[in-house]
Amino acid sequence: MGLNSTPSANRVHIGFFGRRNAGKSSVVNAVTGQELAVVSEIKGTTTDPVTKAMELLPMGPVVIIDTAGIDDEGALGELRVQKTRQILNKTDVAVLVMDGTVSVEEAEKELIGIFREKKIPYVLAINKDDLRQQEDRLPEDMLPGEAENIIRISARTGFQIEELKEKIAHLAVAEETKRQIVGDLLNPMDFVVLVAPIDSAAPKGRLILPQQQTIRDILESGAVSIVVREHELKETLRQLGRKPAMVITDSQVFAQVSADTPEEVLLTSFSILFARYKGNLKTAVQGAAAIENLQDGDKVLISEGCTHHRQCDDIGSVKIPRWLATYTKKQLNICLSSGTEFPEDLSEYKLVIHCGGCMLGEREMKYRLKCAADQRVPVTNYGIAIAYMQGILRRSVELFPEVLAQLHEKR
């Protein structure tokens, strides 16, 4: 992706939900003006969720998600419903599509209950208005404010589709976040050195998303970014002629970068910066201490927010398990998850080590952290776990006094 593209994690995620054959896919196509989803008279045409990042007026950059019918039947149907529930964890605005020619059933009531539980704003779109022959039979326990977001539409004729988009846009308007990745820590014309390893796991022809986003944030702050590989850092710092404001490194070369960065220069990692950006830095720092308590046979979940082809020396499936084994000297049971396959039941794990979450929206990341907190399972992230095991965590959070104070209290 280009530097000027909006990452999916920063887009409003709009999920379309409902029973089979309520017309969800037709409504998605009408709202987007594109044939994103297969439309058929046969119930259950949509199987796995269909996702599309796009520009949608009047909202701007969004991710549209068309889901399987919540009332799907049979073993395969249950898997599809489970996928739909997982999608709810990343949904910022929900559109519940109802068939206006039939009455409300438990499936709709259950979905509304989940929306309320997860505090997801939603629109109730009553489809097939052109076929309606009776008054709407709406859910009986609508809360104050919810009734305002009920709208009758027809995907077939286009009736009130523009009005539906306006309602979705209204719910999607949130307070603009003032958080920055690193720009708030910099002054104009500060020098920042970024260490980006180029190895077999690096994408061909481009930088990974956290590196792209950090560079963009540095540029917007008026500072200067200098990007080097790990073996070029020492000479770069020598030739720079002035002390950089900080060095930011990829976590997997933390130890080497720490050794090559003078003590008087602030050092941190992309993973630590993104933990702060996502609002979970304190939690992740606290969670890293659980590494000390791991015993033989303990289960550790290593989770990535995206899916990719794992390389021979993959950081999540190879390097971190190897560092854990070396540090703890225990025989651990390492489990892996990726993409949306994050288990709801974490009770069997003694520790969760999550990636930086650059591909996950704030809502989904908060959901995962809440799952761990509710079940009292410590959670940390790649960079913080690596810094902890390599004895450089204290140095890598010096930028954040409130987090550093936590570490002092644990002495």
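Check the entry above for the structure.
Small disclaimer: the values here were computed from a predicted structure and weren't measured. (Residues numbered from 1 in each chain as written. Predicted model: local features only at pLDDT ≥ 70, side-chain atom pairs only at ≥ 80, totals over all residues. Heavy atoms only, no water.)

### Quick word on the packing of aromatic side chains
- Enumeration over the complete set of coordinates arrives at 4 aromatic pairs.
- On the basis of an interplanar angle of 40° and a centroid distance of 5.2 Å, the ring pair of Phe115 and Tyr122 is categorised as tilted.
- Ring pairing ties together the aromatic residues Phe17, Phe115 and Tyr122, which thus form one cluster.
- Over the face of the ring belonging to Phe191 we find Arg242, whose NZ or CZ atom lies 4.2 Å from the ring centre. (Phe/Tyr/Trp six-rings, centres within 6.5 Å; stacked < 30°, edge-to-face > 60°. Lys NZ or Arg CZ within 6 Å of the ring centre and 35° of its normal.)

### A closer look at unusual backbone geometry
- In this structure, Asn21 is a non-glycine residue whose phi angle is positive, near 65°.
- Counting through the fold element by element, Asn21 comes out in the loop between strand 1 (12-18) and helix 1 (24-32).
- At Lys329, a residue that is not glycine, the phi angle is positive and equals roughly 55°.
- Its location among the elements puts Lys329 in the loop between helix 10 (315-328) and strand 12 (333-338). (Helix = DSSP H or I, 4+ residues; strand = E, 2+ residues; numbered from the N terminus.)

### A closer look at the pairing of strand 7 (residues 191-195)
- Within strand 7, 5 of the 5 residues are buried, leaving the element largely enclosed by the surrounding structure.
- Neither face of strand 7 is left uncovered, since the one carrying Phe191, Val193 and Val195 and the one carrying Val192 and Leu194 both have all their residues buried.
- One ladder, built from 4 bridges, connects strand 7 with strand 9 (residues 246-249); its direction is parallel. Along strand 9, the bridge assignment pairs Val195 with Thr249. (Buried < 20%, exposed > 50% of the residue type's maximum accessible area, 1.4 Å probe, protein only. Pairing = 2+ DSSP bridges.)

### Considerations on the environment of Ala147
- By the secondary structure assignment, Ala147 is in the loop between strand 5 (122-127) and strand 6 (150-152).
- C-alpha of Ala147 to C-alpha of Val123: the two residues are 24 residues apart in sequence and 9.1 Å apart in space.

### Looking at the sheet that holds strand 9
- Here 4 strands make up an open sheet; going across it, the order is 8-7-9-10 and the pairing parallel. The two strands at the open ends of the sheet, each matched to only one other strand, are strand 8 (224-228) and strand 10 (267-269). Taken over all neighbouring pairs, the strand axes of this sheet differ in orientation by 25° on average, direction set aside.
- Taken strand by strand, helix 8 (residues 270-277) contacts strand 7, strand 9 and strand 10, and its axis lies near 70° from that of strand 10. (Axes fitted to C-alpha atoms, helices over the stretch in contact; angles between N-to-C directions. Contact = heavy atoms within 4.5 Å.)

Any functional reading would require information that these geometric values do not contain.
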